[in-house]
Amino acid sequence: MPTIRVLIVDDEVLVRSGLALIVGSAPDLEVVGGCSGGLAEQLTVDLRPQVVLLDIRMPDLDGISVLRRLRALPDPPAVAMLTTFDTDEYIGTALRAGAAGFLLKDTAPDQLVHAVRVLAAGGSTLSPAVARTVISGYVDGGGPDADAAALTRHLTTRELDVLALLGEGLSNADIADRLYLGTGTVKDHISAILAKLGAANRVQAAVVAHRAGLVRGPGKPGA
């Protein structure tokens, strides 16, 4: 199994050490380095991580600035933003800047390891706890958007069900449990949804779900 190279960027040494301990415990993951924001770009160039776990708030160079620099590299890594707040006002900005994931720093160890694997495979990850904040930071207020609703008209009834739960930030396994489906079936549905919506990842699909009015509120997907 190929080893996934991970760089951890956080200004607090104890946080970096804790995350490194969790990530490095998985046999297929390797923490190649850790640093604060000011060194992130150079270490990314030197160490070539596939995944960067990036603190969204740092005093020397903030996470949004680091994210933009990393996304501008010729072969950018997948970047997941780390935050201690599920109401962080910078989350929407990070989504626009190209973040592929959003995780709370107290995410359960097994979920953190799974998130790194998903990111390395080209997917996106969104902690349920921050899903609503991510969407609200990206989607303006008001009722359902007609253009987004039009995009969803090509989806089957089951795909609409999956998309609504995707909008809540649920994982494939959670969606499978909610809809009494196999995880492989859910994965196939999500692949079809992304293709039909023209979405690059599940975060963008979640945005469409909210804009189309499929997610009525926390934990209440549309019918």
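What you see is a predicted model, and the numbers here were worked out from it, not measured in a lab.

## Here we look at helix α1 (residues 13-24)
Note that an α-helix has 3.6 residues per turn; residues three or four places apart therefore point the same way.
Line of reasoning, step 1. Taking 1.5 Å per residue as the helical rise, α1 with its 12 residues ought to reach 16 Å, and the 16 Å between its terminal C-alpha atoms agrees with that figure.
Line of reasoning, step 2. Inspection of α1 places Val15, Arg16, Leu19 and Val23 among the buried residues, and these make up the whole buried set. Buried positions in α1, seen along its axis, are confined to an arc of 95° and lie on one side of it. Counted as exposed and oriented over 90 degrees from the buried face of α1: Val13, Leu14 and Leu21.

## A few points about the pairing of strand β4 (residues 78-83)
Line of reasoning, step 1. The element β4 is extensively covered by neighbouring structure, given that six of its six residues are classed as buried.
Line of reasoning, step 2. Burial of β4 is two-sided: the residues Ala78, Ala80 and Leu82 facing one way and the residues Val79, Met81 and Thr83 facing the other way are all buried.
Line of reasoning, step 3. Bridge count for strand β3 (residues 51-55) against β4 is five bridges, and the pairing is parallel. The residue bridging leucine 53 from the neighbouring strand is alanine 80, located in β4.

## Section: the sheet that holds strand β6 (residues 125-126)
Backbone-to-backbone hydrogen bonds join strands into a sheet, with any given pair of strands oriented parallel or antiparallel.
Line of reasoning, step 1. Overall, parallel pairing links the six strands, which are arranged β2-β1-β3-β4-β5-β6 in an open sheet. In this open sheet, the two strands that pair with only one neighbour each are β2 (29-35) and β6.
Line of reasoning, step 2. Inspection of the sheet shows β4 paired to strand β5 (residues 101-104) by four bridges, in the parallel sense. Residue pairing in the sheet places methionine 81 in a bridge with phenylalanine 102 of β5.
Line of reasoning, step 3. The strands touched by α1 within the sheet are β1 (4-9), β2, β3 and β4, with β2 carrying the most contacts at an inclination of about 170°.
Line of reasoning, step 4. Packed on one face of the sheet, helix α3 (residues 63-71) meets β3 and β4 and runs near 155° to β3.

## Overview of helix α11 (residues 202-211)
Line of reasoning, step 1. Buried residues dominate α11, accounting for seven of its 10 residues.
Line of reasoning, step 2. Inspection of α11 places Arg202, Val203, Ala205, Ala206, Val207, Val208 and Ala209 among the buried residues, and these make up the whole buried set.
Line of reasoning, step 3. Glycine 213 occupies a position one or two residues after α11 and carries a positive phi of about 80°.

Conventions we followed
- Residues numbered from 1 in each chain as written.
- Predicted model: local features only at pLDDT ≥ 70, side-chain atom pairs only at ≥ 80, totals over all residues.
- Heavy atoms only, no water.
- Helix = DSSP H or I, 4+ residues; strand = E, 2+ residues; numbered from the N terminus.
- Expected span 1.5 Å × (residues − 1).
- Buried < 20%, exposed > 50% of the residue type's maximum accessible area, 1.4 Å probe, protein only.
- Arc of directions from axis to C-beta.
- Pairing = 2+ DSSP bridges.
- Contact = heavy atoms within 4.5 Å.
- Axes fitted to C-alpha atoms, helices over the stretch in contact; angles between N-to-C directions.

The values are spatial; any link to function lies outside them.
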